[in-house]
Amino acid sequence: MRLKAIFALFAVYAITAAPAFLPGQWRVIVQPATEDAVEVYYQPVSPVMLRSYEGIRPFHRALEAAERRAKAYPHDLAPPYILHEPYRLVAPYVTMRGRELASPLISGVDSPDGVSTPYAVMPQVRPAENSLAALQALVEMEGGPIDEPEVFGMGISPELNRVVLQTNTFDQDLRRRMAKRYGRLVAIEWDPLAQPAQLD
């Protein structure tokens, strides 16, 4: 794992002289978004591997409730997510109606190990660019980004508020095509050592 990260970081520096490292997100911005090209980033280490999850259960329950809100009002809300150190539930909105929908306190009772524990989480509401409806429509689009020959994976990143395309090829033409077709709905996660999953 360490050798892979070192090799890939050398590749990042070979591509661009000034990558931007975002330590809180464990991302290296290889190429920032421009008017005619989407962002490309590299993630040498997954944050999932580095975080402590002690005491996160109430926030997971609150996240589930916030996700249900977003699914009920997908044109007003964006996908919610949890920030760490300390834990915070972020509930993004794209309309003023969405801001009102995202802001109410989320409370309930969790029962880990059969012990009922009440919880209450106040979402941090933040404006977002892309709604859940727009992101889902792109993921489900027939003939969409997943059909690009350079792309071997795709999914919604709530934190980035983008559909993230996975590729192991650094391709400026792909950046420009995605920007032209989908604007700021898309970002590219580049990993030069990643291998597409083999289907049996």
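Summary of the structure given here.

### Some thoughts on the pattern of salt bridges
Part 1 of the argument: For the coordinates displayed, the defined rule picks out eleven salt bridges.
Part 2 of the argument: Two residues, E150 and R177, come together in a salt bridge whose shortest N-O distance is 3.1 Å. In this pair, E150 sits in the loop between α4 (132-140) and β9 (153-157) while R177 sits in helix α5 (residues 172-182), placing the two residues 27 residues apart along the sequence.
Part 3 of the argument: Using a relative accessible area of 15% as the deciding quantity, one classes E150 as buried.

### Some words on the sheet that holds strand β5 (residues 88-93)
Part 1 of the argument: Strand order in the open sheet made by the three strands is β4-β5-β8, with mixed pairing throughout. Each having just a single partner strand, β4 (81-83) and β8 (124-127) make up the two edges of the open sheet. Pairwise comparison of adjacent strand axes, ignoring direction, gives a mean angle of 40 degrees for this sheet.
Part 2 of the argument: Across three bridges, β4 lies against β5 in antiparallel orientation. Bridge pairing links I82 to L89 in β5.
Part 3 of the argument: Strands β4 and β5 of the sheet are contacted by helix α2 (residues 57-72), whose axis makes an angle of about 10 degrees with β5.

### Quick look at the packing of aromatic side chains
Part 1 of the argument: Applying the stated rule across the entire model yields three aromatic pairs.
Part 2 of the argument: Its guanidinium or amino end placed over the ring of Y41, R27 lies 4.9 Å from that ring's centre, counting from NZ or CZ.

### Focus on the side chain of E148
Part 1 of the argument: With respect to the helices and strands, the residue E148 is situated in the loop between α4 and β9.
Part 2 of the argument: According to the relative accessible area criterion, E148 is buried, its value standing at 10%.
Part 3 of the argument: In terms of polar contacts, E148 uses its side chain to reach the side chain of R177, at 2.7 Å.
Part 4 of the argument: When neighbours within four sequence positions are excluded, E148 is seen to be in contact with L174, R177, M178 and R181.

What counts, and at which threshold
Residues numbered from 1 in each chain as written. Predicted model: local features only at pLDDT ≥ 70, side-chain atom pairs only at ≥ 80, totals over all residues. Heavy atoms only, no water. Salt bridge = Lys/Arg side-chain N within 4 Å of Asp/Glu carboxyl O. Helix = DSSP H or I, 4+ residues; strand = E, 2+ residues; numbered from the N terminus. Buried < 20%, exposed > 50% of the residue type's maximum accessible area, 1.4 Å probe, protein only. Pairing = 2+ DSSP bridges. Axes fitted to C-alpha atoms, helices over the stretch in contact; angles between N-to-C directions. Contact = heavy atoms within 4.5 Å. Phe/Tyr/Trp six-rings, centres within 6.5 Å; stacked < 30°, edge-to-face > 60°. Lys NZ or Arg CZ within 6 Å of the ring centre and 35° of its normal. Polar contact = N/O pair within 3.5 Å; in protein donor to acceptor, adjacent residues only side chain to side chain.

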